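# Geometric and topological summary
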Amino acid sequence: MDAPLRPSAGDDPAPLDFGGAVLLVVAEIPPGRVMTYGDVAAVLGSRGARAVGRVMATEGSGLPWWRVVRADARPPAGHEAEALEHYEREATPLRWVGPRGEPDAYRLDLAACRWVPAD
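Note that the coordinates shown come from a computational prediction; the quantities given were computed from them, not determined experimentally.

## Observations regarding helix α4 (residues 80-90)
In an α-helix, one turn spans 3.6 residues; hence positions three or four apart end up facing the same way. When α4 is considered as a whole, its buried residues turn out to be Glu80, Ala83, Leu84, His86, Tyr87 and Glu90. Relative to the axis of α4, the buried residues are bounded by an arc of 165 degrees and lie together on one face. For α4, the exposed residues lying more than 90 degrees away from the buried face are Ala81 and Arg89. Here the buried face of α4 lies against β2 (68-69), β3 (94-96) and β4 (106-108). Two residues or fewer past α4, Ala91 is found with a positive phi of approximately 60 degrees.

Laid out in structure tokens, this is it:
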């Protein structure tokens, strides 16, 4: 990231770059709730869902990355098993679409767990 995530010495905080803003939004998603990549982008006034995905892939490992999901309610690609452990621990609502143990056997119940931050 180019800009720091902390305020400057003055009264006004330093502006964040897009990556820093994504990380702040993701850090606020509560346990048991999720946002899609597009939801995160929309909160930031962008249509850049893929850009959110790039930020999460390169800078989001220290955050609750499993709380940012694909628009079709699937977990982050390639992380289905690890994400499932987090979802079960946080009691995130899921829908089973196949046998347990299959990596693509579940979806998030977006109607029940989608989070929209307060203004």
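Alright, that's what it looks like, and here's the rest.
## Re unusual backbone geometry
Phi angles above zero are rare outside glycine, and Ala73 is one such case at about 75 degrees. Its place among the elements puts Ala73 in the loop between β2 and α4. A positive phi angle, close to 60 degrees, is found at Ala91, a residue other than glycine. Under the relative-accessibility criterion, Ala91 is labelled exposed at 61%.

## Examining the confidence of the model for the chain
Across the chain, pLDDT averages 89, with 87% of residues at or above 70. Here residues 1-8 is modelled with pLDDT under 50, and outside its nearest four sequence neighbours on either side it reaches 17 contacts, counting other chains as well.

## What about the side chain of Arg67?
Here Arg67 shows up in the loop between α3 (49-59) and β2. Its relative accessible area of 9% is what places Arg67 among the buried residues. Within polar-contact distance, the side chain of Arg67 engages the side chain of Glu90 at 2.6 Å.

## A word on the packing of aromatic side chains
Counted by the stated rule, this structure contains three aromatic pairs. Between Trp65 and Trp66, the aromatic rings sit 5.5 Å apart at their centres with planes inclined by 85 degrees, giving edge-to-face as the arrangement. This pair shows no difference in class: Trp65 is buried, exactly as Trp66 is. Ring centres 6.0 Å apart and planes at 75 degrees place the aromatic pair Tyr87 and Tyr106 in the edge-to-face group. Within this pair, whereas Tyr87 is found in helix α4, its partner Tyr106 is found in strand β4, the two being separated by 19 residues in sequence. Relative accessible area serves as the criterion here: at 1%, Tyr87 is assigned to the buried category. The class of Tyr106 is buried, set by a relative accessible area of 1%.

What counts and what doesn't
Residues numbered from 1 in each chain as written. Predicted model: local features only at pLDDT ≥ 70, side-chain atom pairs only at ≥ 80, totals over all residues. Heavy atoms only, no water. Buried < 20%, exposed > 50% of the residue type's maximum accessible area, 1.4 Å probe, protein only. Helix = DSSP H or I, 4+ residues; strand = E, 2+ residues; numbered from the N terminus. Arc of directions from axis to C-beta. Contact = heavy atoms within 4.5 Å. pLDDT = per-residue confidence, 0-100. Polar contact = N/O pair within 3.5 Å; in protein donor to acceptor, adjacent residues only side chain to side chain. Phe/Tyr/Trp six-rings, centres within 6.5 Å; stacked < 30°, edge-to-face > 60°.

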